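# Close look at the chain arrangement
The chain contents come next:
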Amino acid sequence: MEEAEKVVVSAVQEEDEVEELLRKLIRKGVLELRPSLDKVGVRYVEAEEAWNVDSAHAKSMLAGLEKKGVLKSEFSDRVLTCPHCGSPEVHSKYGCPRCKSDNVEFTELLEHIKCGHIGSKDTFVKEGVLVCPRCQAGLVEKAVDHRVIGNFYQCEKCLYRFDRPDVVHFCQNCGTTSTHQTAKYIKVFGYRIPDETIREFQKELPILNNMKKILTDRGFKVQVHAKVAGASGVESPFDILAEKDVVRLVIDVSLGGDKNDIIALLAKKVDVNPTRAVIVDLSTSDELANLGKVYDIAVLKTSVDRAIPYNFESFLAALDSKHWPNGIGNSDINRESVIVHE
Amino acid sequence: MNEEKNVWLHKVAQKLFEEVTAASLGATFHVIISFHLKQKFGKDPYEVLIENPKIFYNGLKEVLGEGAEAVIKLIGTYITTKYDIHCTVEEFTQLFTRNGKPSTQKLSEIFATIVTQEEQKLRVP
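The paragraphs below set out a description of the structure included in this document. All figures in this text were calculated on a predicted structure; none of them were measured in a lab. (Residues numbered from 1 in each chain as written. Chains lettered and ligands numbered in written order. Predicted model: local features only at pLDDT ≥ 70, side-chain atom pairs only at ≥ 80, totals over all residues.)

### Here we look at the overall build of chain B
Across its full length, chain B holds seven helices and zero strands. What you see in chain B, going N to C, is helices and strands ordered as α-α-α-α-α-α-α. Here chain B, with 125 residues, has 35% of them falling under the buried criterion. Considering only contacts within chain B whose residues lie at least 6 apart along the sequence, 54% involve residues at least 24 apart. (Helix = DSSP H or I, 4+ residues; strand = E, 2+ residues; numbered from the N terminus. Buried ≥ 20, exposed ≤ 12 C-beta atoms within 10 Å, placed from the backbone. Contact = placed C-beta atoms within 7 Å.)

Structure follows, in structure tokens:
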């Protein structure tokens, strides 16, 4: 094969791979990837599951897709990680700046107002009460017989006193210790699939073909990605248009359960005046179901594999019995809506 | 002069309505809604919006039912996020649901502020 041809073939393969990765995410309804933290590091669990890869691979694939411009990254947080293993599970300790021991105590510096003795709080504590170590007077009321004039750290090993301890980070995963100079304080990003990409892939969701088949079997004439002219003259796009006699169903699919999806359908419904407007909600949220009742739009949720809406058959059966009570098409029946809120 | 200002403000309102809804609700949303509102009012709906926001809102409610509030909130969210208009989304929404001249005046002030801020952006090199 010529060198130029090889380059073209490889570019096409790469493009196909990218598309396949995005397709796998979208079909699982993963439109946004939020980072999570565990012992191993920053993870994108949904990507790992969708692509069946480990966390390191998922991260590098996401970064690659972002670099290609097919994913948008958004700053999410800053995370302290181990310089050795990259784990974000580090906890911090304070250390003595002189002997480096982590056995340091934060304490108050007290002054006995009457005799003027100044010392750390621990030297005033005697059998659970405060007693001036110089004059042995009991200290009862703060600001009357004693006052706090400052605070500091004291090393219990070398007794050195200091204002600001060293901060040492201990990795829970590999045991490495690090300081602010050696630990990694990394930026963590979330990723989002751009809306235009989602719309593009939405066109080929398996659920559309599955619904098309069911509707066709019930005698509907079905168009996927149809445009219908409304009263305004605007041609509104619908994911599915199904018609039988005078019954017209318009169906949109909402991948993320965004309420704007149902508002957009509401406006199209007003303009096109179908028998019934349906939105298939692939998300796990209940927001659309609640809005559907208010907007008179049937909201259908789907099975876990997102292959078919729950209750779609019963929804259609209800529609049938309303418009064709004798089990046959009847063009005299008007386009009254069938109220079925799943 | 006042009439001239109103024409200018309703153009701003129309542009904002188009911009916000196109981004969130699809490119044809504003065309559909504008058509049905025009049928209802018998005149440019954005003129109505500037003259009396409550009448505009009631018209929108006749077209979209309960969806009207969501659309106004969407516009309010966009405007309060993008511009410094000293008004919360709730306050913005209330301008459409309350009767009276103060609401009309406040809404005109908001649109005028938006124009000023856009002009200032253009002046910054």
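Picking up where we left off.
### Considerations on the packing of helix α7 (residues 259-272) of chain A against helix α8 (residues 287-295) of chain A
Residue and element names in this part refer to chain A. Contact geometry of α7 with α8 gives a least axis separation of 9 Å together with a crossing angle of 25°. Our classification of the angle between α7 and α8 gives roughly parallel. Helix-helix and strand crossings are classified by hand; for α7 and α8 the assignment is right-handed. Facing α7, whose interface residues are Lys259, Ile262 and Leu266, α8 presents Glu287, Leu288, Leu291, Gly292 and Tyr295. Of the residues in the contact of α7 with α8, the class split is five nonpolar, one polar and two charged. (Axes fitted to C-alpha atoms, helices over the stretch in contact; angles between N-to-C directions. Parallel < 35°, antiparallel > 145°, perpendicular 65-115°, else oblique. Left-handed = near helix turned anticlockwise from the far one by under 90°. Nonpolar A, V, L, I, M, F, W, Y, C, P; charged D, E, K, R; others polar.)

### A look at the sheet that holds strand β5 (residues 90-95) of chain A
Residues and elements named next belong to chain A. If you walk across this open sheet you meet the three strands as β5-β13-β14, and the pairing is antiparallel. Here the strands that pair on one side only, and so sit at the sheet edges, are β5 and β14 (177-178). Across two bridges, strand β13 (residues 166-171) lies against β14 in antiparallel orientation. Bridge pairing in β14 places histidine 169 opposite serine 178. (Pairing = 2+ DSSP bridges.)

### Digging into the interface of chain A and chain B
Taken residue by residue, the interface counts 15 residues in chain A and 17 residues in chain B. For the side of chain A that touches chain B, a count of residues per class yields eight nonpolar, four polar and three charged.

### With respect to the sheet that holds strand β16 (residues 221-229) of chain A
All names here are of chain A. Here we have five strands laid out as an open sheet, ordered β16-β17-β18-β19-β20, and mixed in their pairing. Either end of the sheet is taken by a strand with one partner, and the two such strands are β16 and β20 (298-301). Taking each pair of neighbouring strands and ignoring which way they run, the sheet shows an average axis angle of 35°. In this sheet, β20 lies alongside strand β19 (residues 276-281) in parallel orientation, the contact comprising four bridges. By the bridge assignment, valine 278 is partnered in β20 with alanine 298. Along the sheet face, α7 touches β16, β17 (235-244), β18 (247-254) and β19 and points at about 160° away from the line of β18. Contacts from α8 reach β18, β19 and β20, with the element oriented near 160° to β20.

### Structural notes on unusual backbone geometry
Residues and elements named next belong to chain A. A positive phi angle, close to 55°, is found at asparagine 52, a residue other than glycine. Assignment of secondary structure puts asparagine 52 in the loop between α2 (45-51) and α3 (55-68). A positive phi angle is found at leucine 159, which is not glycine, with a value near 65°. Leucine 159 gets classed as exposed once you count the C-beta atoms within 10 Å, which come to 10.

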